[in-house]
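Below are the chains, spelled out letter by letter.
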Amino acid sequence: MTSSGSMLLPVLDALHSGDFDGCTLAAGADPAHSTELPSLLRVTGQVLAFLPCVDRYAPYPPWWQILAGPAVVTAVAALTMAALPLWKQRAAHCVRLDRIPAGAEVAARVQELAAGRVTQVPRLFVVPGAATRSAAVFGTNGSPRLVLDGGLVASHATDPKTFDAVVLHELAHVANRDLTVTYGTVALWRTFIVVVIAPYLVWLGWERSLGIAGGHDRTPTSLIVRALALPAVTTAMMYFARADVLRSRELYADLTAHRWKAPLEHVWAAMPATVEHPRGPWSVTALLDRLRTHPRWEIRRDALDDPAPLFAVSAMLMFLTGVMAMLMGFDLSDYTSAHPAVLTGWLSEGIAAVPAAVATAATTATLWRATIRAAALGRRSPTGLRAGAWLGLGLIAGSLLSGQTTGDLWLPRRMWVLVLVLAAAVAFTCWTCQCARLATASWPGRTLRLPLALCLTVGWLLLAAWFGWWDNNAAQYAVGFWYDSAGMSQAIVHWFPGVGTVHPAAISVMAETVPALRIAAFRPLMPAATVAAWMTPLALWFAGTAGPGPGWLRPLGAAAGGGTTTDPTTARRWRVPGARRVTVSALIGGAVTVLGVAGVQVWLHTLHAGPGQRGGMYAFSYAIWSLWAITVGTAVAAATAAASARFRLLTALVAAGISALLGLAGTTVLISVDGCVQPLDVLNSSCAWRPAWQQLQPGNTFSLIAHSALLMAPVAAAVITAAAVLVRLARRAVRGSRTAPAPRPRVDLPRTETGDRLAGSAVLVVGVSVLAIVAVLTAGDARADLTPAGRTTAASEAAFQQTSGLPVLPASSQLRWQQVHAWYRLGGRYLLEHAINDADSMVTQLRSAMRNKQLYITPALMTGMRPVCQDIRNVASWEPSGYFQVPDPTAEKSWHQYGVTAGNGSQDCMRAVDEKDVKAFESSIIELLTARTNALDASNRVKAIINDPSDPVFNGRPTQPPQPL
């Protein structure tokens with residue numbers, strides 16, 4: 001569905017003829033390499049001029065056309081689904097069962113088999129010419145149809161066991177209500193191939209052919225390969241998804257029919273034995289099994305004894321889920337790329353939430369089913385490492401295939417960033433598995449629906465926040481984007497108002513780390529996600545277990561799944577460890593944080609900053625060092641808790657989360673009473689309660705501390721847990737032991753009502769505190785998160801140019817000519833000619849006031865000059881953000897100097913006229929004459945590059961640039 005709209009966009013762009021390339025060239029970028037970092041920076045750094053240019057010369061397709069792709073696919077798929085039953089029961093293919101001899105007797109037997117098993121008996125058809133003993137059920141859950149082959153109808157009298165087994169299997173599909181999802185999947189598959197893939201490939205081939213024939217196709221090979229690979233991979237994913245749905249429904253139908261005592265073994269006995277099937281490499285066999293829409297008979301036989309295939313955590317499923325989720329997020333981002341001015345922080349999070357929901361549903365359902373089955377059968381539960389590795393590899397493959405992290409290149413410039421994708425996927429699957437284990441071990445209810453719903457919701461929140469950060473920030477870093485170190489250092493210096501200095505090395509470190517923290521921590525969903533990551537296991541932790549073992553296991557009785565008896569020691573083996581380790585670890589982490597912040601205060605106090613030197617970088621570094629103290633305390637808490645062998649990740653998460661809260665609270669108190677303890681004085685010299693959020697309000701500094709502290713808790717817990725696991729594995733390897741040591745005997749202390757009440761109260765207090773913090777932080781960021789990206793200001797654009805740079809592309813003479821020509825044609829000529837004409841008008845008036853080679857400044861001259869100065873100011877206002885910078889560095893230097901000089905001189909001129917200040921007027925005239933020289937230099941340089949007086953760009957009236965945003 002999402003791919004349909006994304007694949008439609010380039011077709012719509014081609015149909016909307018415009019001069020998009022002209023705007024790209026005027027910005028100083030290269031249309032043939034528009035997705036490479038230098039071109040992206042040229043466009044993004046001049047967005048105030050680029051978006052109006054595109055709106056005028058190459059307007060984006062309207063929303064209804066962009067959404068037409070998914071709408072058409074949905075409508076055609078619905079029509080296809082409605083037509084499939086009609087096609088299958090067409091008169092040329094089959095007839096109604098009651099129209100053949102003995103049809104009534106066969107129908108009666110079907111009615112007998114369906115009685116008490118299905119709520120609605122299917123309408124019956126027969127294919128008289130088919131000699132096979134087969135049947136198929138089709139239609140929808142509300143209107144099922146069953147078609148029998150002629151051979152099966154004949155076997156009703158000669159082989160009733162085969163007839164009953166086949167019919168009961170088909171009736172099981174009706175009972176399982178899998179018809180709608182099955183034929184909906186089939187209809188969507190066929191619609192996508194016909195409506196989306198085929199037209200897209202035809203258009204792509206036509207466009208490439210025209211480009212090659214015209215000799216102007218400069219598209220990089222990597223983009224062409226991705227354009228061809230994208231529909232192929234999307235088609236393959238849909239095929240595998242369709243085949244998986246069809247295979248799974250067959251196994252479930254077999255289990256249902258087996259429960260109805262259907263003689264399935266009688267039918268399968270006639271099938272070839274397992275040894276008669278050719279055997280190949282495991283990978284080939286597995287691939288062939290994935291391509292089949294029906295499982296092999298051997299698998300179906302084995303599934304009756306042990307339905308493990310239905311609960312297995314498939315590597316291919318995890319991989320395809322990752323690829324699909326990443327491609328889906330990239331496709332959805334294409335939707336808003338056509339209208340970037342409407343994009344807000346919350347809208348980008350909403351876009352990221354869609355692939356997050358799909359990935360969470362598939363992953364969580366698979367892992368929870370496997371974990372619950374392992375708990376019921378007393379077997380080892382999945383850890384999530386293998387599933388996370390395959391999920392992460394799928395996400396990486398999807399990112400590379402879409403070009404999200406590569407641009408025009410084959411591979412990302414920063415390959416190591418992809419490790420973050422793999423780490424995030426493993427962390428998510430391990431968190432999911434351990435939450436499932438925790439719920440199965442502690443949940444007292446008779447079902448696990450509530451904890452499953454909780455983990456699904458929180459898992460979706462976690463992945464939505466991660467996808468939002470990755471799609472909008474981290475992927476660009478992999479492409480090669482990052483802030484200019486010198487520019488960011490300069491911005492950091494002016495972050496906090498006032499006067500105060502620190503060591504230059506500290507500024508350099510903060511210039512590298514603070515932007516990364518700010519980008520991640522201030523994502524709209526990040527505060528809620530980081531808190532929910534440890535609040536969820538905390539809630540499950542203290543859910544309690546009433547009686548001997550989890551409540552959901554007791555209704556299972558003595559048997560669970562295929563007759564395998566439940567291990568009575570399962571509940572004890574998975575029993576939740578006590579809360580002492582978590583509590584002690586959190587308290588240790590909080591104490592380390594408080595001591596760390598106090599140490600920072602002592603250190604900064606020794607610098608002896610005077611009362612007038614306690615602002616600026618001095619105050620900002622105070623806040624950042626306090627944040628690192630909180631992070632260290634959080635890491636200590638996580639490391640102490642991760643020593644536990646059971647629920648290692650969740651233990652570390654809860655301890656780190658509580659420690660971060662305690663540390664943030666302690667830091668807030670210490671900063672608020674700054675000045676009350678003389679050795680700890682940093683910002684104040686007198687004792688008073690000065691709330692930390694007010695003292696560190698400038699630059700949103702306190703909010704940065706709070707956001708970052710919440711973010712670093714789960715990050716530190718995940719890193720510490722991974723390190724603890726690696727250390728444990730290394731110690732095992734050194735000892736040469738491949739088996740875990742025997743567990744030490746322990747005694748589980750009985751839980752008392754008082755203890756449960758205290759634990760519940762503690763969780764309630766922590767939960768309310770966390771919700772209050774998250775609500776305050778989210779509400780404080782709401783204004784910025786709801787501001788469309790299109791509301792860029794000249795100040796924010798200038799800040800972007802300062803911190804990110806605006807590189808000049810190394811270009812051939814032909815490309816430079818195209819860039820300067822586009823700049824001149826789309827508005828540069830208008831500005832240059834107006835600048836020169838206004839200057840000439842000024843010179844004319846000045847010459848009229850000359851007497852004996854001396855200028856006589858009179859009130860009449862000053863009054864007549866004011867409109868000219870106003871016009872010069874209007875022209876100068878287009879520089880630097882009203883229109884594109886000149887793509888040629890030499891011409892840009894002169895034009896920029898004109899903008900600065902003419903802007904200052906015109907303001908001075910008007911002020912001098914209004915105040916009747918002759919000397920100031922004379923000084924302003926000198927500035928404006930200097931600006932005139934700059935304008936002439938820029939104009940001459942541009943004309944020299946174009947170097948063709950007969951070029952149409954010099955003819956007719958000049959085009960005024962589009963008004964900036």
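Residues numbered from 1 in each chain as written. Predicted model: local features only at pLDDT ≥ 70, side-chain atom pairs only at ≥ 80, totals over all residues. Heavy atoms only, no water.

The name recorded for the protein in an unreviewed UniProt entry is M48 family metalloprotease, from Streptacidiphilus cavernicola. Under the heading Cofactor (unreviewed entry), UniProt records this for the protein: "Zn(2+)". (UniProt positions renumbered as here; feature names shortened; annotations may be inferred.)

### Thoughts on the overall build of the protein
Helix and strand counts for the protein stand at 34 helices and four strands. Here the protein holds 965 residues, and the buried ones make up 49% of them. Within the protein, residue pairs in contact and separated by at least 24 positions form 82% of the contacts whose partners lie at least 6 positions apart. For the protein, the exposed area adds up to about 44,100 Å²; of that, 64% sits on carbon and sulfur atoms. (Helix = DSSP H or I, 4+ residues; strand = E, 2+ residues; numbered from the N terminus. Buried < 20%, exposed > 50% of the residue type's maximum accessible area, 1.4 Å probe, protein only. Contact = heavy atoms within 4.5 Å. Areas by Shrake-Rupley, 256 points an atom, 1.4 Å probe, with all protein chains shown as cover.)

### Some remarks on the side chain of glutamate 892
Along the polypeptide, glutamate 892 turns up in helix α33 (residues 889-915). No salt bridge is formed by the buried glutamate 892. Its closest oppositely charged neighbour is arginine 42, at 6.9 Å. (Lys, Arg positive; Asp, Glu negative; His and termini not counted. Salt bridge = Lys/Arg side-chain N within 4 Å of Asp/Glu carboxyl O.)

### Structural notes on the state of the cysteines
Applying the stated criterion to the full structure yields three disulfides. There is a disulfide in this structure between cysteine 676 and cysteine 687, and the S-S distance comes to 2.0 Å. Taking the torsion about the S-S bond as the criterion, the cysteine 676 to cysteine 687 disulfide, at about 85°, is right-handed. Residue cysteine 676 is found in the loop between α26 (648-672) and α27 (692-695), and its partner cysteine 687 is found in the loop between α26 and α27; the two are separated by eleven residues along the sequence. Overall, cysteine 687 belongs to the exposed group, its relative accessible area being 53%. (Disulfide = S-S within 2.5 Å.)

### As for the packing of helix α32 (residues 859-876) against α33
For the pair α32 and α33, interaxial distance at closest approach is 8 Å and the crossing angle is 150°. Judged by the sense of rotation from one axis to the other, the crossing of α32 with α33 is left-handed. Residues Met862, Thr863, Met865, Arg866, Cys869, Gln870, Ile872, Arg873, Val875 and Ala876 of α32 lie in contact with α33, whose contacting residues are Trp895, Tyr898, Gly899, Ala902, Gly903, Ser906, Gln907, Cys909, Met910, Ala912, Val913 and Asp914. In terms of residue class, the contact of α32 with α33 is made up of 13 nonpolar, six polar and three charged. (Axes fitted to C-alpha atoms, helices over the stretch in contact; angles between N-to-C directions. Left-handed = near helix turned anticlockwise from the far one by under 90°. Nonpolar A, V, L, I, M, F, W, Y, C, P; charged D, E, K, R; others polar.)

### A short note on the pairing of strand β2 (residues 123-127)
The element β2 is largely enclosed, with a buried count of four among its five residues. With two bridges connecting them, strand β1 (residues 95-96) and β2 associate as antiparallel partners. Directly across from arginine 96, in β2, lies its bridge partner phenylalanine 125. With five bridges connecting them, β2 and strand β4 (residues 144-149) associate as parallel partners. Bridge pairing in β4 places leucine 124 opposite leucine 146. (Pairing = 2+ DSSP bridges.)

### Side note on the pattern of salt bridges
With the rule as written, the count across this model stands at 19 salt bridges. One salt bridge in this structure joins aspartate 254 and arginine 300, with 2.7 Å as the shortest N-O distance. Here aspartate 254, found in helix α11 (residues 221-259), pairs with arginine 300, found in helix α14 (residues 297-305); they are 46 residues apart in sequence, far enough to count as distant. Here aspartate 254 and arginine 300 have matching classes, each one buried. The salt bridge involving aspartate 306 is made with arginine 373; its shortest N-O contact spans 2.2 Å. Note that aspartate 306 is positioned in the loop between α14 and α15 (315-337) and arginine 373 in helix α16 (residues 345-377), a separation of 67 residues in sequence. Residue classification places aspartate 306 among the partly exposed positions, given a relative accessible area of 27%. When salt bridges with common partners are traced through the structure, they connect Asp178, Arg249, Glu250, Asp254 and Arg300 into a single cluster.

### Quick look at helix α31 (residues 813-848)
Helix length check: α31, at 36 residues, gives a terminal C-alpha distance of 44 Å against a target of 52 Å (1.5 Å per residue), a shortfall beyond 12%. The largest bend in α31 amounts to roughly 70° and is located at glycine 828. (Expected span 1.5 Å × (residues − 1). Bend = angle between axes of the 7 residues up to and from the residue.)

### With respect to the sheet that holds β2
If you trace the four strands from one edge of the open sheet to the other, you get β1-β2-β4-β3, paired in mixed fashion. Looking at strand neighbours, the two that pair on one side only are β1 and β3 (135-139), the edges of this open sheet. Helix α9 (residues 160-176) rests against β3 and β4 of the sheet, and its axis sits at about 20° to β3.

### Some points on empty space enclosed by the protein
Tallied over the full model, the rule gives one cavity of 30 Å³ or more. If you add up the space inside the largest cavity, you get close to 30 Å³. Every residue lining the largest cavity is listed: Ala835, Ala839, Met842, Ile872, Tyr898, Ala902, Leu928, Ala931 and Arg932. At the level of secondary structure, the elements contributing two or more residues to the lining of the largest cavity comprise α31, α33 and α34 (918-946). (1 Å grid on protein atoms, 1.4 Å probe; cavity = no way out; pocket = protein on both sides within 12 Å on 5 of 7 lines; lining within 4 Å. Points joined across faces, edges and corners; volume = space filled by probe spheres on them.)

### Section: the packing of aromatic side chains
Scanning the model with the defined rule gives 14 aromatic pairs in all. Relative to phenylalanine 467, the ring of tryptophan 466 has its centre 5.2 Å away and its plane inclined at 80°; by these criteria the two rings are edge-to-face. No difference in accessibility class separates tryptophan 466 from phenylalanine 467, as the two residues are buried. Taken together, Trp466, Phe467, Trp469 and Trp470 form an aromatic cluster joined through their ring pairs. Its end group placed over the ring of phenylalanine 311, arginine 369 keeps NZ or CZ at 4.5 Å from the ring centre. Between arginine 414 and the ring centre of tyrosine 477, over which it is positioned, the NZ or CZ distance is 4.0 Å. (Phe/Tyr/Trp six-rings, centres within 6.5 Å; stacked < 30°, edge-to-face > 60°. Lys NZ or Arg CZ within 6 Å of the ring centre and 35° of its normal.)

### Re the nonpolar core
Within the largest apolar cluster, 89 residues are counted, with the highest numbers of intra-cluster contacts made by Leu395, Trp431, Phe467, Trp470, Trp534, Phe620 and Leu650. With 14 residues, the top contributor of residues to this core is helix α19 (residues 449-479). Aside from chain neighbours lying at most four places away, what touches phenylalanine 467 is Ala325, Met326, Ala352, Pro355, Ala356 and Leu395. Grouped together as the second largest cluster of nonpolar side chains are 58 residues, Met865, Val868, Val913 and Ile945 included. (Core = buried A, V, L, I, M, F, W, Y, C linked by side-chain atoms within 4.5 Å.)

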